[in-house]
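Structure assessment
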Amino acid sequence: MKHLLFGMFFMSFLGLFAQEANIHGVITDENNQPVAYATITLKGLSKGAMADDNGIYKIEHLEAGHYTLQFSGVGYIKTSRQITLKANESLEVSVSLQTDSAALNEVVITSNRVRETLDEVPSSVSVVTAQQIETLGQTATNIADVLVEIPGIALSTNQTSNTGQTLRGRKMLILIDGIPQSTPLRNGSRDINTIDPSTIERIEVIKGATAIYGNGADGGIVNYITKKTNSNKKLESTTVLGSTGALKNFDKSIGGNISQTFSGQLNKLGYVVSGTLRQTGVFRDADGEVISPYYGLGETDQYSLFGKLNYQIADNHNVELMYNYYSSNQNSDYIAQVGEYGVTPSTGVLGEELAVDQGNRYNHNAQLTYDFLNIFGDTDFKLNLYAQDFRTVYGYSTSFYDPNLGYDGGQSSIISTKMGARFNFNTPYEFGSVSGNILYGIDVLNDETAQELIDGRPWVPVTNMTNLAPYAQLKTIYENFVFKAGIRFENIIVDIPDYTTLARYNQTSTTPTRGGIDVEGGELEYNATTFNVGLRYNKWSVFKPFVSFSQSFSIADLGRTLREATENTVSQINSDAVIANNYEIGFNSTFGNTHVSGAYFISTSKYGATYSELPSGTFEIDRQPERVYGFEVAADTKLTSNFKLGGSVSYTEGKLDTENNGDYNTYMNSDRIPPLKGIAYLTYNWEDKFNARVSYIYSGNRDHFEANTNGDYTYGQGPISDFSIVNLSTSYQMSPSTKIGLGVENLLNRDYYNLLSQFAARDNDYIKANGARFNLSLTVKL
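Residues numbered from 1 in each chain as written. Predicted model: local features only at pLDDT ≥ 70, side-chain atom pairs only at ≥ 80, totals over all residues. Heavy atoms only, no water.

**Re the overall build of the protein**
- On a plain count of helices and strands, the protein comes out with five helices and 44 strands.
- Relative to a compact globule of 782 residues, whose C-alpha radius of gyration would be 28 Å, the protein shows 27 Å and is just as compact.
- Along the first, second and third principal axes, the C-alpha atoms of the protein reach 90 × 60 × 50 Å.
- Looking at the protein as a whole, 55% of its 782 residues qualify as buried.
- Once local pairs closer than 6 in sequence are excluded, the contacts in the protein between residues at least 24 apart make up 67%.
- Taken as a whole, the protein presents about 32800 Å² of accessible surface, with 55% of it coming from carbon and sulfur.
- Mean positive and mean negative side-chain charge positions of the protein (59 and 83 charges, respectively) differ by 6 Å. (Helix = DSSP H or I, 4+ residues; strand = E, 2+ residues; numbered from the N terminus. Rg over C-alpha atoms; globule rule 2.2 N^0.38 Å. Buried < 20%, exposed > 50% of the residue type's maximum accessible area, 1.4 Å probe, protein only. Contact = heavy atoms within 4.5 Å. Areas by Shrake-Rupley, 256 points an atom, 1.4 Å probe, with all protein chains shown as cover. Lys, Arg positive; Asp, Glu negative; His and termini not counted. Charge placed at Lys NZ, Arg CZ, Asp CG, Glu CD.)

Dropping the structure here:
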């Protein structure tokens, strides 16, 4: 494999010194701003180019002659230029594109490893822009709250854990610039809140099973794409000051944040650096009472450092280095006063916790990206080398009592380190009226994950996974048809050392009630081939249908299986991987100023990944076949030049085949399947100076399960009652450089419980949601 990687890297430097006639230039809009990723083609030929983030392009290896250049970009009117090119000439052709108002709503994504518009993707995609992140962030306490209005994603938990916040009833793979943040070897449900919103340029969500990024993307991927460099100035400074707090009771609820960003372009070097500090006060419910700090986000210290350097080595060579650090730790003066599920909520009372601060202790991400355009022929090459170092700490629990070692309890911590490389080639082709591209390459990933207690006791052994995955993706465009098909070959080896399961005791016993089993380690091998195929038809703007089939591959929380092992060898443990098959049919429509999209999906898997709680209080993974199905509908319309109305409805349901006979007769738990979700919003814009947005969020009922003879519910099966909240976001541009913003979460101060508080059916988790909270901000850009 080393020889293969070296060979592929060496190929990236071939042809560097070729000298032939070429055309180059910059694509800008009517405001002299660069048009990123504009397309430049030579009429009648298959040659062409795509502009980079700064609107810069180059077409090489041309002969002397007369050419017609065609320039196009999403949201812009296509234009043409006729040129005459001399032998060995380097001709500059720069153009300014005019905005096409009829195409402004076209969606562009890059998470498929190549830039594509919505019309080229036969599956459901959602994109949250920088402006939307800023607006939604005014009523959000973390990035998980920013995601809640995306169709198909469940509501957030208001905790450090994102348990229950699934995508179409399955787990989603969280990425930062394509770097996996999830810890599939031991899923700790702490991957969503791993970045500060101020660092993000946009969020791309690709729904349904996907093999694009490998292990852990059963429901789809959520890719946080970080801010890019500013190519218009040598130095641009953005300062954001903010304050947050409860409206019902200010006492100890006031928090603050400060963020500073510098960006610019110095000749061929582009840069952006930023730092953010956030401190939150206590969170209070609608009655003004302190919310329990159990896995809470109140009284947290959050730190973020981000940097990105982009250097244009040559016209067709570009290198970029990105680093992001994020930390969020709870430093609370309160402890949990545990209530009674269904009767009284758990609250916070002043006291000292016998534990270290819990939260995401650190999350380091680094990536080196190298782009070589036209590495051979018209083929472009992209190399990504990345690393992630992550640690999260959980709360104190007396369940880790060990009288023989003198421990009254303990705290667990997941530690995960990843290193990977992606070798990506993109070859365009054109045969008459048929065009498209072939995307192919290989992914290499090493993931080392463990779970241990803060006092040093191991719980999940250091599990080392090596993943080698070649892949290929074909896209063909013929007239109004877009056809896509792909294949990925997963080759995974998981190395597990010899270990002893953690001994667990009752408070009155010195003999373990479970655990303490010596397990012989070994290697687990997973080999799978996953496919995807899709077709889209784009002839009519009023109805653009698509249909697709896609597969994903994941290992169902191997760490949880290992830590509860009852066999003495790894080879006897049931750890079969989950292959999810996703079937989807959907459409996009435009009627004047109205846009509508919808999709119906069915997702099946032979092996399940649903947790069941045993009488001992531990969890095991149900391996029965699963079927998840549902639909999503979203629409928006421009009522007037100032008002816009929009909304969405998401419905997901899931069942298990407990008898393995094809009869899906048992509902899946609500930590996987959320209730019906409805979103409605109204926006107002006045001369691009004043903006206001009111949103209505509705969560329905889900009550499929019966209590036991004692009136108690199993974890994940508690009845969910419906609730609704209203959020308000406003901003005013005081001057060209200064803007103020005010957001109010839960504007009507609704008294309710989050989904996790209801379905978990546990006293500790029975915590009320936030009451009305304000977020006041001042932004100065120079």
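**Points about the nonpolar core**
- Grouped together as the largest cluster of nonpolar side chains are 23 residues, with contacts concentrated most on Val-494, Ile-496, Tyr-526, Ile-555 and Leu-558.
- Elements with a contribution of two residues or more to this core: β28 (481–496), β31 (522–537) and α4 (558–563).
- Beyond its immediate stretch of four places on either side in the chain, Ile-496 contacts Pro-461, Thr-463, Gly-521, Gly-522, Leu-524, Leu-558, Leu-562 and Val-570. (Core = buried A, V, L, I, M, F, W, Y, C linked by side-chain atoms within 4.5 Å.)

**Overview of the side chain of Asp-145**
- Position of Asp-145 relative to the elements: it lies in helix α3 (residues 143–146).
- At 8.0 Å, Arg-773 is the nearest oppositely charged side chain to Asp-145, a buried residue that forms no salt bridge.
- The contact partners of Asp-145, leaving out residues within four places of it in the chain, are Ala-140 and Ser-156. (Salt bridge = Lys/Arg side-chain N within 4 Å of Asp/Glu carboxyl O.)

**Quick word on the pairing of strand β14 (residues 200–207)**
- Among the eight residues of β14, seven are classified as buried, and the element is accordingly described as predominantly covered.
- As defined by bridge partners, strand β11 (residues 125–128) adjoins β14 across four bridges and the pair is classed as antiparallel. Looking across to β14, one finds that Val-125 is bridged to Ile-206.
- Note that β14 and strand β15 (residues 220–226) share seven bridges and pair antiparallel. (Pairing = 2+ DSSP bridges.)

**Thoughts on the sheet that holds strand β3 (residues 48–50)**
- Strand order in the open sheet formed by four strands is β3-β2-β5-β6, with antiparallel pairing between adjacent strands. Whereas interior strands pair on both sides, the edge strands pair on one side only; in this sheet they are β3 and β6 (79–85). The sheet shows a mean angle of 20° between the axes of neighbouring strands, direction not considered.
- The pairing of strand β5 (residues 65–72) with β6 spans seven bridges and is classified as antiparallel. Opposite Tyr-67, over in β6, you have Ile-83 as the bridge partner. (Axes fitted to C-alpha atoms, helices over the stretch in contact; angles between N-to-C directions.)

**Here's the deal with the packing of aromatic side chains**
- Counting across every chain of the model gives 22 aromatic pairs.
- With a centroid separation of 6.1 Å and 80° between ring planes, the pair formed by Tyr-295 and Tyr-394 is classed as edge-to-face. Of this pair, Tyr-295 sits in the loop between β18 (269–279) and β19 (300–314) while Tyr-394 sits in strand β24 (residues 379–397); the two residues are 99 residues apart in sequence, bridging distant segments of the chain.
- Classification of Tyr-394 by relative accessible area gives buried; the value is 10%.
- With 5.1 Å between their ring centres and 70° between their planes, Tyr-537 and Trp-540 make a pair best called edge-to-face.
- Accessibility expressed as a relative area gives 17% for Tyr-537, which makes it buried.
- The partly exposed category is assigned to Trp-540, whose relative accessible area is 42%. (Phe/Tyr/Trp six-rings, centres within 6.5 Å; stacked < 30°, edge-to-face > 60°.)

**As for the pattern of salt bridges**
- Evaluated as defined, the whole model comprises 29 salt bridges.
- For Lys-58, the salt bridge identified is with Glu-60, shortest N-O distance 3.5 Å.
- Its salt-bridge partner being Asp-751, residue Lys-768 comes within 3.1 Å of it at the nearest N-O pair. Of this pair, Lys-768 sits in the loop between α5 (755–759) and β44 (773–781) while Asp-751 sits in the loop between β43 (738–745) and α5, placing them 17 residues apart in sequence.
- Salt bridges sharing common partners tie together Arg-113, Asp-443, Arg-488 and Glu-490.

**Overview of the side chain of Thr-160**
- Inspection of the secondary structure puts Thr-160 in the loop between α3 and β12 (172–176).
- Judged by its relative accessible area of 8%, Thr-160 falls in the buried class.
- Look past the residues within four positions of Thr-160 in its chain and what remains in contact with it is Ser-189, Arg-190, Asn-193, Tyr-295, Gly-296, Leu-297 and Gln-358.

**Side note on the sheet that holds strand β13 (residues 179–180)**
- Strands sit in the order β11-β14-β15-β12-β13 across an open sheet of five strands; the sheet is mixed. The open sheet has two edge strands, β11 and β13, and neither has a second partner.
- In this sheet, β15 lies alongside β12 in parallel orientation, the contact comprising five bridges. Its bridge partner lying in β15, Ile-176 is registered against Tyr-224.

**Details of the environment of Tyr-213**
- Tracing the chain through its elements places Tyr-213 in the loop between β14 and β15.
- Through-space distance from the C-alpha of Tyr-213 to that of Phe-553 is 9.7 Å; in sequence the pair is 340 residues apart.
- Filtering out sequence-adjacent residues up to four positions away, Tyr-213 remains in contact with Ser-111, Arg-113, Leu-173, Leu-175, Gly-178, Ile-221, Arg-422 and Arg-488.

**Observations regarding the confidence of the model for the protein**
- Residues with a pLDDT of 70 or more make up 92% of the protein, whose mean pLDDT is 89.
- When the elements of the protein are averaged for pLDDT, helix α1 (residues 2–11) gives the smallest value, 43, and strand β41 (residues 690–699) the largest, 97.
- Contacts from residues 1–19, a stretch scored under 50 in pLDDT, to residues over four places away or in other chains number 26 contacts.
- This model gives residues 101–105 a pLDDT under 50, and the stretch forms five contacts once residues within four places in sequence are excluded. (pLDDT = per-residue confidence, 0-100.)

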